[in-house]
Each structure stands twice: as structure tokens, then as C-alpha cells.
Amino acid sequence: MADVDKDRKEFWSSQPAVLDSMVLCDNPLFQEADTDYMVQNLPPIANKSVLELGAGIGRLTGEIAKKAKDITAVDFMQHFLDVNKVNNRHMSNITYICDDFTKFQIDKKYDLVVSAWLFVNTKDEVVDKMIGLVLEWLQPGGYFTFRESGPYDEDVPMRFKQNFFHHRTPFKLHQLLGGVVKDGHTLTITRCKNSRFSMKYDHDIAAAVTEVFYVAKKVPIELVLASTLPLTTISCSYLKMGVVAGWQVLVVGCGTGALVFHIASTYGADVLGVNFTIKDFNAAVIHQKCSPDIASL
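In this report, we go over the structure that sits alongside the text. Numbering of residues begins from 1 in every chain and follows the order in which that chain's sequence is written. At least 70 in pLDDT is required for a residue's local features to be given in this predicted model, at least 80 for side-chain atom pairs to be given and counted, and no such filter applies to totals for whole chains, interfaces and linings, which use all residues. Only hydrogens and water are set aside; all other atoms, that is, all heavy atoms of the structure, feed into the side-chain values.

**Focus: the overall build of the chain**
Stage number 1. Runs of H or I in DSSP of at least four residues are treated as helices and runs of E of at least two as strands, each being numbered from the N terminus. Looking only at helices and strands, the chain has 11 helices and 9 strands in total.
Stage number 2. Exposed residues in this analysis have more than 50% of their type's maximum accessible area, buried residues have under 20%, and partly exposed residues fall in between, with area computed by a 1.4 Å probe over protein chains only. A buried classification covers 52% of the 297 residues belonging to the chain.
Stage number 3. Pairs of residues are marked as contacts when any of their non-hydrogen atoms sit within 4.5 Å. In the chain, the proportion of contacts linking residues at least 24 apart, taken out of those at least 6 apart, comes to 68%.
Stage number 4. Carbon and sulfur atoms form 56% of the exposed surface of the chain, whose accessible area is close to 14,200 Å². Residue-level accessible areas treat just the shown protein chains as cover; the underlying method is Shrake-Rupley with a 1.4 Å probe.

Right, dumping it as C-alpha cells:
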């Protein structure tokens, strides 16, 4: 088996400290539009403390520093940070740290943690740890925003096919994000936006299935677990009409999952819940992961 961490470091060490390396696209129109898109969709940052993971050469660092009280820019490639420092040498509220984001530790609490294509460089088994660290770094009520790419077609250029790249579907990202609890808090998704606009700038990007931007808020786990609506007598009574163990059941408009969990645990059916609001979907994922009686269903 390949050494994924070693390959990841060797790949980024070989990349020049230029914008093309940061976004894997050499079209300046895309680079400008993408940076504007990220900044415009951030939660309010005026007078806030911000932690940027995977800061690179600073395409976001400087823009955030214009409004934030302070920003800590972290990247594990020193030559990227060196260019970041030069590009933003006129800003006095930026702290630079060269460290691997999978091992990085700091005692300070932040109002916002932001990243672009962080988890695409992260193995599944490390994501839970990373989200736990994000929860540690955030103030209560603080936000975590991140940008990720979905799966790519087979005919994309080789630079998209590194063995350490993990192009996950939005559903997989929701599952990874939900259910991580740290000191009685978890992350609940408040916004999830598809950024397909970026694909028009480059044929490489056009091969992407999804480009998604997330905003998640640190909240007490009790608030999420208390959000499940109770099953009504009517809901339970019509189920008695004949649900059988082993059935495949589709619950459309499943909300936070109460009916899904009831059918699966009471009747032994295999249930798929579908919902169009990300907040309820995220709550359902958190409920399942944090409830021992339904976690394995």
C-alpha cells in the first residue's frame, strides 16, 4: 500500500508557489471569481479571530485580514507561506504557522475556522479527528466554513488523480461532518451551496461532479438531539397496517429522522430517508451517530 502521507507531502513540495498550484487551474478569471465567491459566502468576519487551514500563498488570507481582527494562517509547505508573507506584507494582523493540519495544535479559540480543499487531502480515518480539532479551536457559536470538490470523471488530467485526493460526494461529506462531538458540542450545517459557476472557467473543472461550499456552526449537542419531532399517534397507527422485517422502505420528507428510526428499530425494515433541507438532514445524521440504539441501523 502506498504511503499516502508521504505522497501528499512530496506532491505539494513539488508544486511551485503560484495560484495555479493552489486551485489546479491556470485561468485567472476562475481564480478571481473563486476567491470572491469564498469571501462573499463567509459568515461575518469584522473584528473576528480567524484560523485558516491550508492557507497556501494567501489568496484568501489577505482578503480576510482586511476585515478580521486577526488571522492565523497555517500551511505545511514553508515555500507557500513565504509567498503568503510577501503577498500580504502590508498586513499586520496575520500570524503564520508552518505545520501539518492533521497534527496542528493551538490553545487559542477562534470565531471562524476556514479552509478550501482541506478534506480532499485528508483520509477518512483522519477526518473525524480533524473535525474534533476544529470544534476545539472554535468559540461556542463559532463557524467552520470549507470548500470541497466532488468526484471527477475518469478522463480528467493526471494532476486530479493523486492517490491522496479524496473527492467525496456531498452525502459522504454530510456523514463525516455530522455526529462528531467534542466537550458537549457538535457542528450543524447552516448553509450548503453548490458552486458550479466555477466550472465555466476551465475544462478541467468542468469534469467535476460537484463543487460545494459549507458553513457549519458549533452548537451544544443537546440543541440538535432535542430537535427531533415526536412521532404522532397517527404516524404510528398507519405503520401497523403491515410493515414487514426486511422490507425496503422509502421515507420522503424524513425531516430529522424520527419516522426513519422508528421503522428501522421497531420493524427491522431497511429504510432510506430523503429530505431537501440540509439542517434537518444534518440533525438526522447526528441523531443516528450519537444514539446507541440506532447507531448500527
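From this point, the discussion proceeds with the structure in view.
**Considering the packing of aromatic side chains**
Stage number 1. Two aromatic rings from Phe, Tyr or Trp, using only the six-membered ring of Trp, form a pair when their centres are within 6.5 Å; if the ring planes differ by under 30 degrees the pair is stacked, by over 60 it is edge-to-face, and anything between is tilted. Within the structure shown, the criterion is met by 5 aromatic pairs.
Stage number 2. Geometrically, the ring pair formed by Y37 and F213 is edge-to-face, given 6.0 Å between the ring centres and 80° between the ring planes. Placement of the pair is Y37 in helix α3 (residues 28–40) and F213 in strand β7 (residues 211–220), with a sequence separation of 176 residues. Here Y37 and F213 have matching classes, each one buried.

**A closer look at the pattern of salt bridges**
Stage number 1. Any carboxyl oxygen of Asp or Glu that lies within 4 Å of a side-chain nitrogen of Lys or Arg is treated as forming a salt bridge with it. The final tally for this structure, using the stated rule, is 3 salt bridges.
Stage number 2. Here E63 and K66 are joined by a salt bridge, their closest N and O atoms 3.1 Å apart.
Stage number 3. A salt bridge links K182 to E136; its shortest N-O distance comes to 3.1 Å. You can see K182 sitting in the loop between α7 (170–177) and β6 (185–194) and its partner E136 sitting in helix α6 (residues 124–137), a full 46 residues away along the chain.

**A word on unusual backbone geometry**
Stage number 1. The backbone phi angle of N47 is positive, close to 60°, even though this residue is not glycine.
Stage number 2. Mapped onto the fold, N47 is located in the loop between α3 and β1 (49–53).

**Notes on the pairing of β1**
Stage number 1. Of all 5 residues making up β1, 5 are buried, and the element is well covered by its neighbours.
Stage number 2. Every second residue of β1 is oriented toward a common face, with S49, L51 and L53 on one face and V50 and E52 on the other, all of them buried.
Stage number 3. Across 5 bridges, β1 lies against strand β2 (residues 70–75) in parallel orientation. Within β2, the position partnered with S49 by the bridge is D70. Only strands that DSSP links by at least two bridges are regarded as paired with each other.

**Considering the side chain of R59**
Stage number 1. Take R59: it is sitting in the loop between β1 and α4 (61–65).
Stage number 2. Identification of polar contacts relies on pairs of N or O atoms within 3.5 Å, with a donor-acceptor requirement for protein atoms, meaning one able to donate a hydrogen and the other able to accept it, and with residues adjacent in sequence counted only if both atoms are side-chain atoms. Here the side chain of R59 touches T35 through a polar contact of 3.2 Å, side chain to side chain.

**Some thoughts on the packing of α6 against α7**
Stage number 1. Axis angles are defined between N-to-C directions and span 0 to 180 degrees, where every axis is a line fitted to C-alpha atoms and, for a helix, only to the segment in contact. Following both chains from N to C, one finds α6 and α7 inclined at 50°, their axes separated by 9 Å at the closest point. Judged by the inter-axis angle, α6 sits oblique to α7. Counting all contacts with α6, which are made through D124, V127, D128 and I131, the residues of α7 involved are K172, L176 and L177. Each angle gets one of four labels, with under 35 degrees taken as roughly parallel, over 145 as roughly antiparallel, 65 to 115 as roughly perpendicular, and the rest as oblique.

**Thoughts on the nonpolar core**
Stage number 1. Buried Ala, Val, Leu, Ile, Met, Phe, Trp, Tyr and Cys residues that are joined via side-chain atoms within 4.5 Å together make up what is termed a nonpolar core. Grouped together as the largest cluster of nonpolar side chains are 32 residues, with contacts concentrated most on L53, W137 and F144.
Stage number 2. For this core, the elements supplying multiple residues, two or more each, are β1, β4 (110–116), α6, β5 (138–149), α7, β6, β7 and α11 (278–290).
Stage number 3. Here this core gets 8 residues from one element, more than from any other, and that element is α6.
Stage number 4. Apart from residues lying up to four places away in sequence, F144 is in contact with L112, V113, S115, F119, V134, L138, L177, L187, Y214, V215 and A216.
Stage number 5. Among the nonpolar cores identified, the runner-up in size contains 23 residues, and A55, I64, A116 and V120 belong to it.

**Describing helix α10 (residues 258–267)**
Stage number 1. Of all 10 residues making up α10, 8 are buried, and the element is well covered by its neighbours.
Stage number 2. Along α10, the residues that are buried comprise A258, L259, V260, F261, H262, I263, A264 and Y267.
Stage number 3. With its phi angle positive at about 75°, G268 sits one or two positions after the end of α10.

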